Amino acid sequence: QGEEQNQFDRRNLLRAMAWAEKQYCECLSQAEEAEPARRYLAERGISAESIGQFHLGFAPASWDFLLNRALQAGSSPAVLERVGLVSPRQSGEGYYDRFRGRLMFSIRDVRSRAIGFGGRVIPGVSSKDDAKYLNSPETPLFNKSSQLYALDLARAAIAHEQGIVVMEGYTDVIMAHQHGITNAVAVLGTALGELHVPLVRRFTDSVTMVLDGDEAGQRRTMQILDELLALFVTQEIDLRILTLPEGPDPCDVIATQGSAAFRE
């Protein structure tokens, strides 16, 4: 029991995540099979500097890329399962990689430690039935409802600008930072909610929420707006809603019109 406890202690789990992040990053930069992911990033206008800064990676479409590397490194598959990187096989023994054929976004805590991943399907690599995004499951390190993507990179700018800009997509945030809007963060496949409040309050009392220009984005917001306003008012947080022109997401607006137009 003691040994198992030791294996699953927080430091060991964080070490496993840092190791996995490194495998995915190296795969994106070096592997032949990552070419479609590199092409996708280039088409979205994401720079090499951003790829490094945000620790982007690639998980090949193999069932055991990470698993094989872990075994070679003498790492325990049970630890990888605990942090949501592999899943036990349905039949028989053993495990398989949770993330396959995806561009990998490293989700880091405020102290810049990898605690989870978001994986996006890549045209030509993933199968068309795959969900567009797959996030890490809930683990001892990761709770998607109380974390914000890129908060570690946005901290200084949030203090300087005296406000935080909350977006919906990882690539939106990366593009924002690339164009100097460095107080931008993203929610992790959930709505902005109660569990985010203590995190936000540590850095600012002013939140600007950016809504995609599409109908679905605006409909989602209308559903949660009353609750959000009530929640933020009681916490004395100033909440503003930024609605984009019809159609584009923040990434498109910033890429085509520049950061000045977006700030405006």
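Use the structure listed above.
Residues numbered from 1 in each chain as written. Predicted model: local features only at pLDDT ≥ 70, side-chain atom pairs only at ≥ 80, totals over all residues. Heavy atoms only, no water.

A. Molecular detail of the overall build of the protein. Across its full length, the protein carries eleven helices and ten strands. Over its C-alpha trace the protein gives a radius of gyration of 19 Å, about what one expects of a compact globule, namely 18 Å for 264 residues. In the protein, which comprises 264 residues, the proportion classed as buried is 47%. Counted over contacts in the protein with a minimum sequence separation of 6, partners at least 24 positions apart contribute 69%. With an accessible surface of roughly 13,200 Å², the protein has 47% of that area assigned to carbon and sulfur atoms. Side-chain charges of the protein comprise 27 positive and 35 negative groups, with the mean position of each set lying 4 Å from the other. (Helix = DSSP H or I, 4+ residues; strand = E, 2+ residues; numbered from the N terminus. Rg over C-alpha atoms; globule rule 2.2 N^0.38 Å. Buried < 20%, exposed > 50% of the residue type's maximum accessible area, 1.4 Å probe, protein only. Contact = heavy atoms within 4.5 Å. Areas by Shrake-Rupley, 256 points an atom, 1.4 Å probe, with all protein chains shown as cover. Lys, Arg positive; Asp, Glu negative; His and termini not counted. Charge placed at Lys NZ, Arg CZ, Asp CG, Glu CD.)

B. Here's a closer look at helix α11 (residues 250-263). Spanning 14 residues, α11 covers only 11 Å between terminal C-alpha atoms, well under the ideal 20 Å at 1.5 Å per step. Of all the bends in α11, the greatest measures close to 120 degrees and is centred on Q257. As for α11, its buried residues are in contact with β7 (164-167), α8 (170-178), β9 (206-211) and β10 (238-243). (Expected span 1.5 Å × (residues − 1). Bend = angle between axes of the 7 residues up to and from the residue.)

C. Region of interest: the packing of aromatic side chains. Applying the stated criterion across every chain, the model contains nine aromatic pairs. Here the basic side chain of R82 rests over the ring of F8, its NZ or CZ set 3.8 Å away from the ring centre. Looking at R98, its charged tip hangs above the ring of F99, at a distance of 5.9 Å from the centre. (Phe/Tyr/Trp six-rings, centres within 6.5 Å; stacked < 30°, edge-to-face > 60°. Lys NZ or Arg CZ within 6 Å of the ring centre and 35° of its normal.)

D. A look at the sheet that holds strand β5 (residues 114-121). The sheet built from four strands is open, its strands ordered β1-β4-β5-β6 with antiparallel pairing. The strands lining the two open edges of the sheet, one partner per strand, are β1 (57-59) and β6 (133-135). Across the sheet, the axes of successive neighbouring strands diverge by a mean angle of 30 degrees, strand direction being ignored. Sheet topology places β5 next to β6; three bridges connect them, and they run antiparallel. Among the inter-strand pairings, R120 is bridged to a residue of β6, identified as Y133. With respect to the sheet, α8 is in contact with β4 (102-108), β5 and β6, its orientation differing from that of β4 by roughly 70 degrees. (Pairing = 2+ DSSP bridges. Axes fitted to C-alpha atoms, helices over the stretch in contact; angles between N-to-C directions.)

E. Broad picture of the pairing of β7. Here β7 shows two buried faces, one formed by I164 and V166 and the other by V165 and M167. Of the pairings in the sheet, the one linking β7 to β9 comprises three bridges and is parallel in character. The residue bridging I164 from the neighbouring strand is V207, located in β9. Sheet topology note: the β7/strand β8 (residues 184-186) ladder contains three bridges and is parallel. Bridge pairing links V166 to V185 in β8.

F. Broad picture of the environment of R120. Structurally, the position occupied by R120 is in strand β5. Taking the relative accessible area as the measure of exposure, R120 reaches 11% and is therefore buried. Along the backbone, R120 and G101 are 19 residues apart, and their C-alpha atoms lie at a distance of 8.4 Å. If we skip the residues at most four places from it in the chain, R120 touches Y40, G101, R102, L103, F105, K132 and Y133. Side-chain polar atoms of R120 contact the side chain of Y40, separated by 3.0 Å. (Polar contact = N/O pair within 3.5 Å; in protein donor to acceptor, adjacent residues only side chain to side chain.)

G. Main features of the packing of α8 against α11. Direction vectors running N to C along α8 and α11 enclose 30 degrees, while the axes themselves pass 8 Å from each other. Of the possible angle classes, the one that applies to α8 and α11 is roughly parallel. Viewed along their axes, α8 and α11 form a crossing whose handedness is left-handed. The residues of α11 that touch α8, namely those facing T171, D172, M175 and A176, are P250, C251, I254 and A255. When grouped by side-chain class, the residues that make up the contact of α8 with α11 number six nonpolar, one polar and one charged. (Parallel < 35°, antiparallel > 145°, perpendicular 65-115°, else oblique. Left-handed = near helix turned anticlockwise from the far one by under 90°. Nonpolar A, V, L, I, M, F, W, Y, C, P; charged D, E, K, R; others polar.)

H. Quick peek at the pairing of β4. Where burial is concerned, most of β4 is hidden: seven out of the seven residues are buried. Along β4, one buried face is formed by R102, M104, S106 and R108 and the opposite face, lined by L103, F105 and I107, is buried too. Summarising the sheet, β1 and β4 pair through three bridges and their orientation is antiparallel. Each bridged residue has a counterpart across the sheet, and for G57 the counterpart in β4 is M104. Between β4 and β5, which pair antiparallel in sequence order, lie five residues; one of them, S112, sits at a positive phi of approximately 65 degrees.

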